[in-house]
Amino acid sequence: MTTSTPMPGTGTEGGHGSAPAQACPISPVLDIVFSRWTTPILWTLHTFGRQRFVVLQRTIGTITPKVLTQRLRQMERDGMVVRTYYPEVPPRVEYEISELGRSLSPLFAHLADWSADNLPRVEEARRAYDDAEEAAAGRGH
């Protein structure tokens, strides 16, 4: 009988039980931070500070109230956003980025730099690919 040492990341090393292996260890972060509306909400709150719901929706522009409500609740649950309720008449609610959300600033800055440096190259690659596809279609492939 032979024994083998589990490969790192298989979920069986280090007493982690039988958790399934994760192909990408940052997947949970991507799910939290880069879902459809999370990034624009965080960016807006970081850039403009604390905002009321209507102002936040207007600033983002194309998000529906229902989706904004859902995303804000999830982001509050994840610790990315702080919701403050003021028991006034009428009631007032404000949202602001939390310290945890603010800790993503260097990541966003790096991505903004990457975007400025590389999106023209991405567009160039897309044009070249599309041109090659059109040429191949024109040849009957």
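Residues numbered from 1 in each chain as written. Predicted model: local features only at pLDDT ≥ 70, side-chain atom pairs only at ≥ 80, totals over all residues. Heavy atoms only, no water.

This part takes up the pattern of salt bridges. Under the defined criterion, the tally for this structure stands at six salt bridges. Close ionic contact of E99 with R102 constitutes a salt bridge, the shortest N to O distance being 2.6 Å. Placement of the pair is E99 and R102 together in helix α5 (residues 99-102), with a separation of three residues, close to one helical turn. You can call E99 exposed: its relative accessible area is 61%. Between E123 and R126 there is a salt bridge, with the nearest N and O atoms lying 3.0 Å from each other. Taken as a pair, E123 and R126 lie in helix α6 (residues 105-138) at a separation of three residues, close to a single helical turn. Exposure remark for E123: the relative accessible area of 36% places this residue in the partly exposed category. For R126, a relative accessible area of 49% corresponds to the partly exposed category. Via salt bridges that share partners, R50, E88, R92, E94 and E96 belong to a single interconnected network. (Salt bridge = Lys/Arg side-chain N within 4 Å of Asp/Glu carboxyl O. Helix = DSSP H or I, 4+ residues; strand = E, 2+ residues; numbered from the N terminus. Buried < 20%, exposed > 50% of the residue type's maximum accessible area, 1.4 Å probe, protein only.)

The next thing to look at is a negative patch on the surface. The grouping of D130, D131, E133 and E134 at the surface amounts to a negative patch. Topologically, D130 is positioned in helix α6. By relative accessible area, D130 is classed as partly exposed at 40%. (Patch = residues over 30% accessible without salt bridge, like charges linked within 9 Å, V, L, I, M, F, W, Y side chains within 5 Å. Areas by Shrake-Rupley, 256 points an atom, 1.4 Å probe, with all protein chains shown as cover. Lys, Arg positive; Asp, Glu negative; His and termini not counted. Charge placed at Lys NZ, Arg CZ, Asp CG, Glu CD.)

Locating R92 in the fold gives a position in strand β3 (residues 92-97). Side-chain polar atoms of R92 contact the side chain of E94, separated by 2.9 Å. Excluding anything up to four places from it in sequence, R92 contacts R52, T84, Y85 and Y86. (Polar contact = N/O pair within 3.5 Å; in protein donor to acceptor, adjacent residues only side chain to side chain. Contact = heavy atoms within 4.5 Å.)

Further remarks concern the packing of aromatic side chains. Summed over the entire model, instances satisfying the criterion amount to two aromatic pairs. Here F34 and F108 contribute two aromatic rings whose centre-to-centre distance is 6.1 Å and whose plane-to-plane angle is 80°, an arrangement assigned as edge-to-face. One end of the pair, F34, is in the loop between α1 (27-33) and α2 (38-48); the other, F108, is in helix α6, and 74 residues separate them in sequence. Of the residues examined, F34 reaches a relative accessible area of 32% and is grouped as partly exposed. Using a relative accessible area of 9% as the deciding quantity, one classes F108 as buried. Taken together, the ring pairs connect F34, W43 and F108 into an aromatic cluster. Note that R36 overlies the ring of W37, its terminal NZ or CZ placed 4.1 Å from the centroid. Looking at R92, its charged tip hangs above the ring of Y86, at a distance of 3.8 Å from the centre. (Phe/Tyr/Trp six-rings, centres within 6.5 Å; stacked < 30°, edge-to-face > 60°. Lys NZ or Arg CZ within 6 Å of the ring centre and 35° of its normal.)

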